[in-house]
Amino acid sequence: MSKPTIGFIGLGLMGGNMVENLQKRGYTLNVMDLNKEAVAKVLERGNATEVSSGKELAEKSDIVMLALTTSKVVEMVVYGDNGILAGISEGKTLIDFGTSIPASTRKIGADLAAKGAGMIDAPLGRTPAHAKDGLLNIMAAGDIDTFNKVKPVLDDQGENVFHLGALGAGHTTKLINNFMGMTTVATMSQAFAVAKKAGVDGQQLFDIMSAGPSNSPFMQFCKFYAVDGEEKLGFSIANANKDLGYFLEMVKDLGTESLIAEGTSKGLQAAVDAGLGQNDVPVIFDYFSGLEK
């Protein structure tokens, strides 16, 4: 059975490695990205074609995949002039691998369904290195028949592929996961910053906290920066700030609030405003350390 043709938009660090993995596994690709250097790397590996619009990409591909930065960008690519919606047709599937607002995902899914096309939201866990080897964690959601149709391709991209329910459940789960993770990192980083201000040795604080139930990979990442000065988490403050904003928007859509997320979001935004947006999330330690001059 021949492999489906893949259309891929978003050749950043994660998306570019995902495309390389698909190429190694024998898929034919149509690609699009504003970064022409990234496109050139894909074309050099062969079995890939650059397209000029989302419409053309959707027309020429069986499955359209997105690895984009924000819900706003996803909507622009889908709904813009010569966008994906204009070119997609019955039986095709759109997969959004980014972290998007669930309400936006469901709206796009409904508009695709009106044209007979399916949608899966499938945010990712793990790193770009895992993407290159097809070892991602994929939190997929959507109509079960659509999921089963594209699962062989997802299995080539992920070591662990989960089906979480109706469309939007993947993005919902990812936002909850990132709310927990980024709040934990911000809290632990501030703990190290307060210790520094109070004259408590950071290594000693780590030794004590890690001997109890607070011990976790997140604490290790925070210690790597706060004590050792190394950035190892691989997730930026700007991305964390975006995801916390999306989490708060989702919570509002659900008719409730999260004071904890609001506090974390304010800290992340302040760190972005301080010029730390492209740094690893544990570098928020520097912002917390400098609160008092």
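See above for the structure.
Okay, so let's go over this structure. Everything numeric here is computed off the predicted structure, so don't read it as measured data.

Here is what the cut-offs are and how they apply
Here the residue index of a chain counts from 1 through its sequence in written order. A pLDDT threshold of at least 70 governs which residues receive local features in this predicted model, and a stricter bar of 80 or more applies before side-chain atom pairs are shown or counted, although totals over entire chains, interfaces and linings include all residues. Hydrogen atoms and water are omitted, and side-chain values are computed over all heavy atoms in the structure. A pair of strands counts as paired when DSSP detects no fewer than two bridges linking them. Strands are runs of DSSP state E lasting at least 2 residues, helices are runs of H or I lasting at least 4, and numbering of each runs from the N terminus. Axis definition: a line fit to C-alpha positions, over the contact stretch in the case of helices; interaxial angles, taken between N-to-C directions, run 0 to 180 degrees. For every residue, the accessible area obtained with a 1.4 Å probe (protein chains only) is divided by the maximum for its type, and the residue is called buried under 20%, exposed over 50%, and partly exposed between those limits. Should any heavy atoms of two residues lie within 4.5 Å, those residues are considered in contact. Classification of ring pairs rests on two measures: the distance between centres of Phe, Tyr or Trp rings, Trp counted by its six-membered ring, which must be within 6.5 Å, and the angle between planes, read as stacked under 30 degrees, edge-to-face over 60 and tilted in between. Any Lys NZ or Arg CZ found within 6 Å of a ring centre and within 35 degrees of that ring's normal is scored as a charge over the ring. We define a salt bridge as a side-chain nitrogen of Lys or Arg found within 4 Å of a carboxyl oxygen belonging to Asp or Glu.

### Re the sheet that holds strand β3 (residues 48-50)
Link 1 in the chain: What the six strands build is an open sheet, ordered β3-β2-β1-β4-β5-β6; its pairing is parallel. Looking at which strands have only one partner, the edges of the open sheet turn out to be β3 and β6 (118-121). On average, adjacent strands in this sheet sit at an angle of 20° to one another, irrespective of strand direction.
Link 2 in the chain: Looking at chain direction, strand β5 (residues 93-96) and β6 are connected through four bridges and run parallel. Looking across to β6, one finds that Ile95 is bridged to Ile120.

### Things to note about the sheet that holds strand β7 (residues 124-125)
Link 1 in the chain: Judged by pairing direction, the sheet is mixed, and its three strands sit side by side in the order β7-β8-β9 without closing on themselves. This sheet does not close on itself; its edge strands, each paired only once, are β7 and β9 (158-163).
Link 2 in the chain: Pairing between β7 and strand β8 (residues 136-140): two bridges, direction antiparallel. When the bridges of β8 are listed, Leu124 appears paired with Ile138.

### As for the environment of Ile101
Link 1 in the chain: For Ile101, the position within the fold is in the loop between β5 and α6 (102-113).
Link 2 in the chain: The class for Ile101 is buried, based on a relative accessible area of 9%.
Link 3 in the chain: Taking the C-alpha atoms as reference points, Ile101 and Tyr246, 145 residues apart in sequence, are found 5.9 Å from one another.
Link 4 in the chain: Beyond its immediate stretch of four places on either side in the chain, Ile101 contacts Ser71, Tyr246 and Glu249.

### Considering the packing of aromatic side chains
Link 1 in the chain: The tally for this structure, following the rule as stated, stands at four aromatic pairs.
Link 2 in the chain: Between Phe221 and Phe224 the ring centres are 6.4 Å apart and the planes differ by 65°, which places this aromatic pair in the edge-to-face class. Note that Phe221 and Phe224 are positioned in helix α11 (residues 217-226) at a spacing of three residues, about one turn of the helix.
Link 3 in the chain: Arranged with centres 6.3 Å apart and planes meeting at 75°, the rings of Tyr225 and Phe285 form a pair that is edge-to-face. Of this pair, Tyr225 sits in helix α11 while Phe285 is found in helix α14 (residues 284-289), placing the two residues 60 residues apart along the sequence. Across the pair, Phe285 and Tyr225 agree in class, each one buried.
Link 4 in the chain: When the ring centre of Tyr27 is taken as reference, the NZ or CZ atom of Lys3 above it lies at 4.6 Å.
Link 5 in the chain: Taking NZ or CZ as reference, Lys223 lies 5.5 Å from the ring centre of Phe206, over its face.

### Brief notes about the pattern of salt bridges
Opposite charge on two side chains allows them to pair when their charged atoms are near.
Link 1 in the chain: In this structure the tally under the stated criterion is 12 salt bridges.
Link 2 in the chain: Linking Lys232 and Glu230 is a salt bridge whose minimum nitrogen-to-oxygen distance equals 3.3 Å.
Link 3 in the chain: According to the relative accessible area criterion, Lys232 is partly exposed, its value standing at 43%.
Link 4 in the chain: Ionic contacts of the salt-bridge type, sharing partners, join the residues Glu20, Arg45 and Lys132 into one network.

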